[in-house]
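# Descriptive analysis of the structure
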Amino acid sequence: MNEFIHLQSKNHSLIIKTDRVPEVLHWGTKIAQIDEDLLLSTERPISQARLDVDVPLSLCPELGSGHFNAPGIEGHRDGLDWAPVFNLVATNQSRNAVEFTLRDDVAKLELTIDLELDFDSDVLKKRTSLKNLGDSRYYLGKLSSTLPLPNHANELMTFHGRWCHEFQTQRQRFEHGGFMQENRRGRTSHENFPGLFVGSNGFSEQNGQVWGFHLGWSGNHQMRADVRSDGRRFVQAGELLLAGESILDTDECYQSPWLYGCYSNSGLNGISQRFQKFVRQNIVKFPVDKPRPVHLNTWEGIYFDHKPEYIMQMASEAAEMGVERFIIDDGWFIGRDGERAALGDWYLDEVKYPNGLEPVIAHVNEKGMEFGLWVEPEMVSQDSNLYRNHPEWVLGLQGYHQPSGRWQYVLDLQNEGCFNYLFERLNDLLTRYNITYLKWDMNRELVQPGHQGRPAVHGQTMALYHLVDELNKAHPDVEIESCSSGGGRIDFEILKRTQRFWASDCNDALERQAIQKGMSYFFPPEVMGAHIGPDECHSTNRRHHINMRGVTALGGHMGVELDPVKEPQEEIEAFSRYIALHKKYRHLLHSGRSFRIDPADKNQNIYGVESDDEMLITVCQLAMPDHALPSPLRISCTDTDAKYQVKLVEMPQISFQLMKQRPKWLDKTLTLSGDNLKEIGITLPILDPESALIVHLQKI
Ligand code: GLA
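Keep in mind that what you see is a predicted model, and the values were worked out from it rather than measured.

Thresholds, definitions, all that
- Residues numbered from 1 in each chain as written.
- Predicted model: local features only at pLDDT ≥ 70, side-chain atom pairs only at ≥ 80, totals over all residues.
- Heavy atoms only, no water.
- Core = buried A, V, L, I, M, F, W, Y, C linked by side-chain atoms within 4.5 Å.
- Buried < 20%, exposed > 50% of the residue type's maximum accessible area, 1.4 Å probe, protein only.
- Contact = heavy atoms within 4.5 Å.
- Pairing = 2+ DSSP bridges.
- Helix = DSSP H or I, 4+ residues; strand = E, 2+ residues; numbered from the N terminus.
- Axes fitted to C-alpha atoms, helices over the stretch in contact; angles between N-to-C directions.
- Near = heavy atom within 4 Å.
- Polar contact = N/O pair within 3.5 Å; in protein donor to acceptor, adjacent residues only side chain to side chain.
- Areas by Shrake-Rupley, 256 points an atom, 1.4 Å probe, with all protein chains shown as cover.
- Domains from an automatic or database assignment.
- Buried area = accessible area lost by both parts, 1.4 Å probe.
- Salt bridge = Lys/Arg side-chain N within 4 Å of Asp/Glu carboxyl O.
- Nonpolar A, V, L, I, M, F, W, Y, C, P; charged D, E, K, R; others polar.
- Patch = residues over 30% accessible without salt bridge, like charges linked within 9 Å, V, L, I, M, F, W, Y side chains within 5 Å.
- Expected span 1.5 Å × (residues − 1).
- Phe/Tyr/Trp six-rings, centres within 6.5 Å; stacked < 30°, edge-to-face > 60°.
- Lys NZ or Arg CZ within 6 Å of the ring centre and 35° of its normal.
- UniProt positions renumbered as here; feature names shortened; annotations may be inferred.

Our focus in this paragraph is the nonpolar core. Soluble globular proteins tend to bury their nonpolar side chains together. Of all hydrophobic cores here, the largest spans 165 residues; its most connected members are Leu-115, Phe-213, Trp-332 and Phe-523. The residues contacting Phe-523, other than those within four sequence positions of it, are Phe-167, Phe-193, Gln-276, Ile-490, Asp-491, Phe-492, Leu-495 and Phe-501. Formed by 25 residues, the second largest nonpolar core is a distinct cluster that contains Ile-617, Cys-637, Met-651 and Leu-684.

What follows is the structure, given as structure tokens:
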């Protein structure tokens, strides 16, 4: 029953050959029509000294049919039915989506594979489900989503990181063998962001063919890219199931998280623009369509030292600077004087706030700002009333000692009493106070994720989603930030129910350049929390001039993270200036197409955002310029015939160490046509290390 399924989006095609199992034949540039001879022209030879039949690299490769690399499914029925082989029994196509149903009548398993090629963004999503049709339990070890790639995809770009060092990238050849990452931390993690890129040799920001992947899941995962010995290659991703974590009773079903994929023939820019568009249209939902308010978050300003009068003074200063949302971070609840106690006791500390929180919120509101509050609902401190009353609510394994993390434990969200308590507490806070924003933190990994003795990362993750969903339902106007010691829980699935990520606990602008760049491959600027910190960074002790800090923060969802009462007037004026600059351009920053320019100088990071008639470009000199003179900035305007007004928006005042005469255009407004800008470009001033400039282009 050979036939083709052809899904089409605006620019791309996904062609799947259906035989015994479905197999992707093409995923990339749009194909107008499928020729009759395509079947014949794509038939593979059979090589010597191997199996006598052709083995398809199917959408769920099977050990039992001769796929010797990682299979898409692993499991057993008390030691039996461990090598299932499926047959396609039904195909349901609706425009740009298809669902395949496959069955193994021996192992009594039914597999469902869902694929959808989003028309507007060209993003492909894939999910796999397994149903147990047998009379006995099926112990599922793994159910991943596999997508094949053409053989010229021979270079990999993957992510690694740690606390304060998220979204770091690594490149490697992808010709033999492969790459694998396993995340067992119980949250999306700083270490193993579930995303990777595979592309043609030397693919860059602007050039080359690239396939990008992201698994939308906030628990454990496995993600791999493999080259088989026959040269065929694939990416595979799914939930990492712990031993015994998924046991399916008769008629029970396991559904994998969504794997998102995307193709581009214009380098990484083509990927990030598609992912960002997809996120805007299909993932993130803002309760009210309004500009993203500029934040002040109190954490690095006052830490646990909460004095309402002082906080109100901070709020007054913040409002003067142009801040629109004021967030009280950790330290406001009973007994929370440091990081060793009180998590779980979500009641206001009336010693610190003798008059309640209401006067502070009223003051914040009077100053024209929204009010937000920090919580870390999934956690409990050993030194807390909650732990003393309910030690059995801890996610753990009886009979073992479990190490604490940041002196705290994780709560078992699948425990009904615990879930209800957390909902009640959060619901009460959101009902009692005029809170429009929660910073939802999660500051440790899951070490013994046991619920009633059974492994429970899956259940815990689903329960977390459920808790957030229930709160969203009860308080649809409240926005939530997903924070996990900075960027430990950043993924599409959590973003379906939250509106912002705290990208990193590191506010060091130089570090942030790399973190935010890595994040921008998947997420649009309006969900990327980016704050100006004090001149000496709290996490690195590095000092940066306000130019570098301001420019770096203004490209995301901007905020400040400091104590404005203590900052010198000169700094306050500068914060105000960068906030104003952000506000001036946020319509563009938060709706435009982001891009990065391949720099001639490897010590530069050049990125921008464009709409049909405007563009804002940031050039950041990360380290000493590679050469005495910078290369011209060549700008790919979509409309090469149009004329643009080019103007410098921001330039470091300190940048006179390496340059005795600045390019004259810096003080003028240039008029240049798209092709001049693209092919010849504009000269840049010589920038000092760790400084940045911004240029604006307006189509005439
Ligand atoms: C985590 C967060 C910080 C801050 C502290 C408070 O580290 O990432 O932004 O909220 O917790 O304890």
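Taken in spatial order, the 3 strands of this open sheet run β1-β2-β3, and their pairing is antiparallel. This sheet does not close on itself; its edge strands, each paired only once, are β1 (3–8) and β3 (22–29). For this sheet, the mean angle separating the axes of adjacent strands, direction not counted, is 20°. As paired elements, strand β2 (residues 12–18) and β3 share 7 bridges and run antiparallel to each other. Pairing of Thr-18 across the sheet is with Pro-22, part of β3.

The ligand sits among 13 residues. The nearest are Asp-329, Asp-330, Lys-439, Asp-441 and Asp-505. Here an oxygen atom of the ligand and a side-chain polar atom of Asp-441 are 2.9 Å apart. Between the ligand and Asp-505, the relevant distance is 2.5 Å, taken from an oxygen atom to a side-chain nitrogen or oxygen of the residue. Considering the ligand on its own, with 310 Å² of exposed area, one finds that the protein chains cover 96% of that surface.

With that settled, the discussion passes to the domain arrangement of the chain. Examined at the domain level, the chain breaks down into domain 1 (57–283), domain 2 (295–377 + 424–448 + 472–591) and domain 3 (595–699). Relative placement of domain 1 and domain 3: their C-alpha centres are 39 Å apart. Each side of the interface is counted separately: domain 1 has 8 residues, and domain 3 has 5 residues. Where domain 1 abuts domain 3, roughly 570 Å² becomes buried across the two surfaces, and 27% of that area is made up of carbon and sulfur atoms. Together, Glu-205, Gln-206 and Asn-269 form the three largest contributors to the area buried by domain 1 at its contact with domain 3, with a combined 68%. One can count 1 salt bridge joining domain 1 with domain 3. Across the salt bridge formed by Glu-205 and Arg-596, the nearest N and O atoms sit 2.6 Å from each other. Linking domain 1 to domain 3 there are 7 residue pairs in polar contact (both at pLDDT 80 or more). When grouped by side-chain class, the residues that make up the side of domain 1 that touches domain 3 number 1 nonpolar, 6 polar and 1 charged.

On to a nonpolar patch on the surface. Taken together, the side chains of Leu-51, Val-53 and Phe-68 define a hydrophobic patch exposed on the protein surface, amounting to about 310 Å² of accessible area. Of the residues examined, Phe-68 reaches a relative accessible area of 60% and is grouped as exposed.

Pairing in this closed barrel of 8 strands is parallel, and the strands run β20-β21-β22-β25-β28-β29-β30-β31 around the ring. Neighbour-to-neighbour, the strand axes of the sheet open up by a mean angle of 30°, direction not taken into account. As judged from the 4 bridges shared by strand β22 (residues 370–375) and strand β25 (residues 437–440), these two strands associate in the parallel manner. Residue Trp-374 lies in a different strand from β25, and its bridge partner there is Lys-439.

Time to look at helix α7 (residues 416–432). Residues separated by three or four positions in an α-helix point in the same direction, a consequence of the helix having 3.6 residues per turn. Its 17 residues place the ends of α7 24 Å apart at the C-alpha level, agreeing with the 24 Å of an ideal helix rising 1.5 Å per residue. Regarding α7, the residues found buried are Cys-418, Phe-419, Tyr-421, Leu-422, Arg-425, Leu-426, Asp-428, Leu-429 and Leu-430. As for α7, its buried residues are in contact with β22, α6 (385–389), β25 and α8 (457–474). Looking at where α7 begins, the residue whose side-chain oxygen comes 2.9 Å from the main-chain nitrogen of Gly-417 is Asn-415.

The next thing to look at is the packing of aromatic side chains. For the structure on display, the rule yields 30 aromatic pairs. Considering the side-chain rings of Tyr-260 and Phe-278, the 5.5 Å spacing of their centres and the 55° angle between planes classify their relative orientation as tilted. Taken together, the positions of Tyr-260 in strand β19 (residues 258–264) and Phe-278 in helix α2 (residues 267–283) put the pair 18 residues apart, joining distant regions of the chain. Taking the relative accessible area as the measure of exposure, Tyr-260 reaches 1% and is therefore buried. Residue classification places Phe-278 among the buried residues on the basis of a relative accessible area of 4%. Grouped by ring-pair contacts, the aromatic residues Phe-159, Phe-167, Phe-193, Phe-197, Tyr-260, Phe-275, Phe-278, Phe-492, Phe-501, Tyr-521, Phe-522 and Phe-523 constitute a single cluster. In this structure, Arg-171 packs its charged tip against the face of Phe-203, placed 3.9 Å from the ring centre.

The residue Asn-427 is located in helix α7 in this model. For Asn-427 and Ile-635, which are 208 residues apart along the polypeptide, the C-alpha to C-alpha distance reads 50 Å.

Relative to the elements of secondary structure, Gln-402 occurs in the loop between α6 and β24 (408–410). Separated by 3.1 Å, the side chain of Gln-402 and the backbone oxygen of Leu-395 make a polar contact. Side-chain polar atoms of Gln-402 contact the side chain of Arg-444, separated by 3.4 Å. In this structure, Gln-402 is in contact with Val-394, Leu-395, Gly-396, Tyr-409, Arg-444, Val-447 and Gln-448, ignoring residues within four places of it in sequence.

Time to look at the UniProt feature "binding site: substrate" (unreviewed entry) in the chain. The positions UniProt marks with the feature "binding site: substrate" (unreviewed entry) are Trp-163, Asp-329, Asp-330, Arg-406, Lys-439, Trp-440, Asp-441, Met-442, Asn-443, Cys-483 and Asp-505. Locating Arg-406 in the fold gives a position in the loop between α6 and β24. Owing to a relative accessible area of 23%, Arg-406 belongs among the partly exposed residues under this scheme. Not counting the four nearest positions on each side in its chain, Arg-406 is found in contact with Trp-299, Asp-330, Arg-336, Glu-339, Glu-376 and Asn-443. A distance of 3.0 Å separates a polar atom in the side chain of Arg-406 from a polar atom in the side chain of Glu-339. Residue Lys-439 is classed as buried on the basis of its relative accessible area, which comes to 4%. For Lys-439, the contacting residues outside a window of four places in its chain are Asn-297, Asp-329, Leu-373, Trp-374, Val-375, Glu-481, Cys-483 and Trp-502.

This part is about the pairing of strand β14 (residues 210–216). Judged by how many residues are buried, β14 sits mostly within the fold: 7 of 7 residues are covered. For strand β13 (residues 195–199) and β14, the ladder comprises 5 bridges, and the chain directions are antiparallel. Across the sheet, residue Phe-197 finds its bridge partner in β14, namely Gly-212. Bridge count for β14 against β19 is 7 bridges, and the pairing is antiparallel. Within β19, the residue paired with His-214 across the bridge is Tyr-260.

Neither face of strand β28 (residues 479–482) is open: one carries Glu-479 and Glu-481, the other Ile-480 and Ser-482, and all of them are buried. Summarising the sheet, β25 and β28 pair through 4 bridges and their orientation is parallel. Bridge assignment links Lys-439 to a residue of β28, and that residue is Glu-481. Pairing of β28 with strand β29 (residues 500–502), which is carried by 2 bridges, proceeds in the parallel orientation. Bridge assignment links Ser-482 to a residue of β29, and that residue is Phe-501.

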